[in-house]
Amino acid sequence: MSTGSALRDDAVAGHVAAYGVEPAGVGFAPGRVNLIGEHIDYNGGLVLPVALPLGTTCSVSPRDDGALHVSSASVDGPPVVVPLDDLESGARQGWSSYVLGAFAHSRSRHSFEGGASLRVDGDVPLGAGLSSSASLECAVLVALDAATGLVHDPLTLALSAQAAEHEYAGVPCGIMDQAASMLGRADHALLLDSATLHHEHVPLHLQEQEVVLLVVNTRAHHELTDGGYAERRAACERAAAVLGVEYLVDAEPAAVEALPEPERRRARHVVSEQTRVRAAVRAFGLGDLASVGELFAASHASLRDDFEVSCPELDVAVAAAYDAGALASRMTGGGFGGSTVALVRVDDVVVVTAGVEAAFRSAGFRSPEVLVVAPADGARTLY
Ligand code: GLA
């Protein structure tokens, strides 16, 4: 959570150390935590993420050897080197696939015919459901714009980042993470309609109420590329096809109940989650955090029982947070591990953190990582 100037200075110094030249541009893009609206961004739904104060910086300089050189502050060894001619689409392995994909998807907009050197650095916990990959993709795209003096619409960059993730990382994700990373705003959540990409910034009024966001990284395995995510998405697409709706969020609840399993429960989650997002936006607007708490609890139960993307660590983290006095808590992100998000009164942070840690100890889980975060600004040029 460094300041912009510290991030910029570190990125410039790191780039010079890695490649012997100053970068032509440096971009920053944050991770995100989703407040509510889970697994509905590929079903035409409304989602309510916030950008985190954690993120990725990317620095870039031009080359003349016709190759892309990619290095990371947290990975030892020489840069990954890929000739530009080999940048064709196709899923690859590892962290560099996100960088290569983002570069490939912006090639038509930029002129790096001679190649480029890129270096990334970041503090979004990996595999924690906090969108380290979207932050990486978006940081690359912002850095490329910065280096070439171009300014693209944030949604254009978000869509490029999503396409990179589909084609290079092999994850058929929705648009929520990349949009949150590009468009987040301090003290606000992003209300994004994934069908139209219409979006607005919703003030959360957390500071006035002396409430913070508490993110619990369970450190349980979270790997969207394992197939569970694609399987859920495919079930939703089958359900929408049977019901004859373009977007599953628009299905009639009664028609959903007539579907076979597992489509019935998957669709029930999607339709009910959309209703909860609308109610949560109203409740945040009224400062009615008691209602937000009920909606978060219902969202978690629906993800656990109907969508089946929770896991014991997430369930324990959510229950322990409520038991210790959290106002609201639920799993966040794709699931199968990863993180929970809670709303906690400032005065209760210590006791809620201790409650979750104690519950993890008695369940025999690894100690969780607990982060207190405030909604932050989205991607930006640092240099
Ligand atoms: C992942 C995906 C998002 C979204 C969430 C679940 O984070 O990248 O597009 O589908 O899971 O809400």
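Residues numbered from 1 in each chain as written. Predicted model: local features only at pLDDT ≥ 70, side-chain atom pairs only at ≥ 80, totals over all residues. Heavy atoms only, no water.

1. Re the sheet that holds strand β1 (residues 25–34)
What counts, and what does not: When DSSP locates at least two bridges between a pair of strands, those strands are taken to pair. Here a strand is any run of E in DSSP of at least two residues, a helix any run of H or I of at least four, and the numbering for each starts at the N terminus. Only heavy atoms matter for contacts: two residues are in contact if any of them lie within 4.5 Å across the pair. The convention used is that axes are lines fitted to C-alpha atoms, helices contributing only their stretch in contact, and that angles between N-to-C directions extend from 0 to 180 degrees.
Spatially, the 6 strands line up as an open sheet ordered β5-β4-β6-β3-β1-β13, and their pairing is mixed. The sheet terminates laterally at β5 (80–83) and β13 (380–381), the two strands that pair on one side only. Both β1 and β13 contribute to a ladder of 2 bridges, which runs antiparallel. Counted as the bridge partner of Phe28 is Arg380 from β13. Its contacts with the sheet place helix α1 (residues 4–19) against β1, β3 (49–62), β4 (67–72) and β6 (115–122), and it is angled at close to 130° to β6.

2. Section: the site of the ligand
As a reminder, the rule being used: Residues are labelled near a given molecule or strand when at least one of their non-hydrogen atoms is within 4 Å of it. Polar contacts, as counted here, are pairs of nitrogen or oxygen atoms within 3.5 Å of one another; within protein the pair requires one atom able to donate a hydrogen and one able to accept it, and residues that are adjacent in sequence qualify only if both atoms are side-chain atoms. Residue-level accessible areas treat just the shown protein chains as cover; the underlying method is Shrake-Rupley with a 1.4 Å probe.
Not every one of the 13 residues close to the ligand is listed here, only the nearest: Glu38, His39, Asp41, Asp177 and Tyr229. One nitrogen or oxygen atom from the side chain of Arg32 is found 3.0 Å from an oxygen atom belonging to the ligand. Gly174 places a polar main-chain atom, nitrogen or oxygen, 2.9 Å from an oxygen atom of the ligand. When the free accessible area of the ligand is taken as 310 Å², the share hidden by the protein chains comes to 98%.

3. Examining the sheet that holds strand β2 (residues 46–47)
Taken in spatial order, the 3 strands of this open sheet run β2-β7-β8, and their pairing is antiparallel. Of all the strands in the sheet, the pair left with one neighbour each is β2 and β8 (199–203). Of the strand pairs in this sheet, strand β7 (residues 188–193) and β8 are connected by 5 bridges, and their pairing is antiparallel. Its bridge partner lying in β8, Leu191 is registered against Glu200. The strands touched by helix α5 (residues 176–183) are β2, β7 and β8; relative to β7, the strand with the most contacts, the crossing angle is about 135°.

4. Topic: helix α3 (residues 132–148)
Stated precisely, the cut-off is as follows: Here a helix's expected span is defined as the number of its residues, less one, multiplied by 1.5 Å. To sort residues, take the accessible area from a 1.4 Å probe on protein chains only and compare it with the maximum for the residue type: under 20% means buried, over 50% means exposed, and anything in between is partly exposed.
Along its 17 residues, α3 runs 25 Å from first to last C-alpha, staying within 8% of the 24 Å computed at 1.5 Å per residue. Most of α3 sits out of view: 15 of its 17 residues are buried. In the segment just after α3, Gly149 is the residue with positive phi, at about 75°.

5. Some thoughts on the nonpolar core
Quick reminder of the rule: Residues belong to one nonpolar core when they are buried, are Ala, Val, Leu, Ile, Met, Phe, Trp, Tyr or Cys, and are joined through side-chain atoms within 4.5 Å.
Leu35, Leu68, Phe103, Leu118, Phe284 and Leu343 are the most contacted members of the largest nonpolar core, which totals 96 residues. Here Leu68 is in contact with Val80, Val81, Val82, Leu84, Leu87, Leu100, Phe103, Ala116 and Leu118, once residues within four sequence places are set aside.

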